[in-house]
Amino acid sequence: MRRIIPLAALAAAIVAVPVVVAQSPGMPGAPDKSRVAAGTYAADAGHTMVVWEVDHFGFSDYSGIFGDVTGTLVIDPANPAASRVDVTIPVAKVTTASSGLTGHLLRAGKDGGKPDFFGPAPADAKFVSTRVVLGDDGDEAKVTGNLTLNGVTKPVTLDVDFHGAGTNPYNKKATVGFNAETTIRRSDFGITYGIPAVSDEVELEIHAAFEKQ
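Residues numbered from 1 in each chain as written. Predicted model: local features only at pLDDT ≥ 70, side-chain atom pairs only at ≥ 80, totals over all residues. Heavy atoms only, no water.

(A) The overall build of the protein chain, seen in detail. Along the protein chain, the regular secondary structure elements total three helices and eleven strands. Listed by position from the N terminus, the elements making up the protein chain come as α-α-β-β-β-β-β-β-α-β-β-β-β-β. Of all 213 residues assigned to the protein chain, the portion counted as buried reaches 38%. Of the contacts formed within the protein chain by residues at least 6 apart in sequence, a portion of 58% connects residues at least 24 apart. Counting only carbon and sulfur atoms, one obtains 58% of the accessible surface of the protein chain, whose full area is about 11800 Å². (Helix = DSSP H or I, 4+ residues; strand = E, 2+ residues; numbered from the N terminus. Buried < 20%, exposed > 50% of the residue type's maximum accessible area, 1.4 Å probe, protein only. Contact = heavy atoms within 4.5 Å. Areas by Shrake-Rupley, 256 points an atom, 1.4 Å probe, with all protein chains shown as cover.)

(B) Layout of the pairing of strand E9 (residues 152-167). Of the pairings in the sheet, the one linking strand E1 (residues 29-30) to E9 comprises two bridges and is antiparallel in character. The residue bridging Gly29 from the neighbouring strand is Gly166, located in E9. In terms of strand pairing, strand E8 (residues 140-149) meets E9 through ten bridges, oriented antiparallel. Of the residues in E9, the one forming a bridge with Thr144 is Thr157. Hairpin geometry of E8 and E9 is characterised by an intervening segment of two residues between the two adjacent antiparallel strands and by a positive phi of about 60° at Asn150. (Pairing = 2+ DSSP bridges.)

(C) Spotlight on the side chain of Thr102. Take Thr102: it is sitting in helix H3 (residues 99-105). Since its relative accessible area comes to 16%, Thr102 is described here as buried. Polar side-chain contacts of Thr102 include one of 2.7 Å to the side chain of Thr96. Not counting chain neighbours up to four residues away, the residues in contact with Thr102 comprise Val94, Thr95 and Thr96. (Polar contact = N/O pair within 3.5 Å; in protein donor to acceptor, adjacent residues only side chain to side chain.)

(D) Inspection of the pattern of salt bridges at higher detail. In total, this model carries seven salt bridges according to the counting rule given. Residue Asp139 is joined to Lys33 by a salt bridge in which the shortest nitrogen-to-oxygen separation is 3.1 Å. Highlighted residues: Asp139 in the loop between strand E7 (125-134) and E8 and Lys33 in the loop between E1 and strand E2 (39-43), separated in sequence by 106 residues. The partly exposed category is assigned to Asp139, whose relative accessible area is 28%. Classification of Lys33 by relative accessible area gives partly exposed; the value is 39%. A salt bridge links Arg185 to Glu201, with the nearest nitrogen and oxygen atoms 3.6 Å apart. Within this pair, whereas Arg185 is found in strand E10 (residues 174-185), its partner Glu201 is found in strand E11 (residues 201-212), the two being separated by 16 residues in sequence. Within this structure, Arg185, Asp200 and Glu201 form a network of salt bridges that share partners. (Salt bridge = Lys/Arg side-chain N within 4 Å of Asp/Glu carboxyl O.)

(E) View of the side chain of Asp44. Along the chain, the position of Asp44 falls in the loop between E2 and strand E3 (49-56). Lys173 is the oppositely charged side chain nearest to the buried, salt-bridge-free Asp44, at an N-O distance of 8.9 Å. (Lys, Arg positive; Asp, Glu negative; His and termini not counted.)

(F) View of the pairing of E8. Across eight bridges, the pairing between E7 and E8 is antiparallel. Opposite Val132, over in E8, you have Val143 as the bridge partner.

(G) Up close: the environment of Gly58. With respect to the helices and strands, Gly58 occurs in the loop between E3 and strand E4 (60-66). By relative accessible area, Gly58 is classed as exposed at 59%. Put simply, Gly58 and Ala197 are 139 residues apart on the chain and 7.3 Å apart in space, counted from C-alpha to C-alpha.

(H) Molecular detail of the packing of aromatic side chains. Evaluated as defined, the whole model comprises four aromatic pairs. Seen in terms of ring centroids, Phe57 and Phe59 are 6.4 Å apart; in terms of plane orientation they differ by 55°. Their pairing is tilted. For the ring pair Phe117 and Tyr193, a centre distance of 5.2 Å and an interplane angle of 70° mean the geometry is edge-to-face. Of this pair, Phe117 sits in the loop between H3 and E7 while Tyr193 sits in the loop between E10 and E11, placing them 76 residues apart in sequence. (Phe/Tyr/Trp six-rings, centres within 6.5 Å; stacked < 30°, edge-to-face > 60°.)

(I) Structural context of unusual backbone geometry. Omega for the bond connecting Ile195 with Pro196 falls within 30 degrees of zero, at 10°, which places this linkage in the cis form. Residue placement: Pro196 occurs in the loop between E10 and E11. In this structure, Asn150 takes a positive phi of about 60° despite not being glycine. Summarising the element assignment, Asn150 is placed in the loop between E8 and E9. Taking the relative accessible area as the measure of exposure, Asn150 reaches 34% and is therefore partly exposed.

Given below as structure tokens:
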């Protein structure tokens, strides 16, 4: 899986990690499925992000982030195919490395017309799973669900990798983490400004942590 780590996100992550973690002899989480506890989990909003990437004019790729993701994951290691996820992404909190671009994404349309992108008060995006198909090793899965964005709902399939599980040393909660990726067409969701100079295809990478409730 190709990793997309914007510099702003990397810097924020480094600043946010307490010194005691850097001094600890090992990581609290590990890619060990036996550590996954059955139950209902809540998204760790501070450590979950949706990274999007478009091709800009054929000159470069450009990325931005949706953070503060909320929602739930229901999982049972004895029956992982029955897992369910329901998450909400606050589009209004979109972040990019350019204040001008961020402003454009959230700018109202001219003379009361349609915004170029999301507009100043966009509805939250939402993903609700409908099917989980595990890979042979159980570390990967294809998770199909309905993505609602810009008032439009379309089916989307995520390629998901299990990242790790364990106990958060600060709040003592059982935690699981996943990485996922997919590609959508923004035109399917009514966002057509700049196509094809700015690509219709948008690559999404999700880095998600969930804490047991």
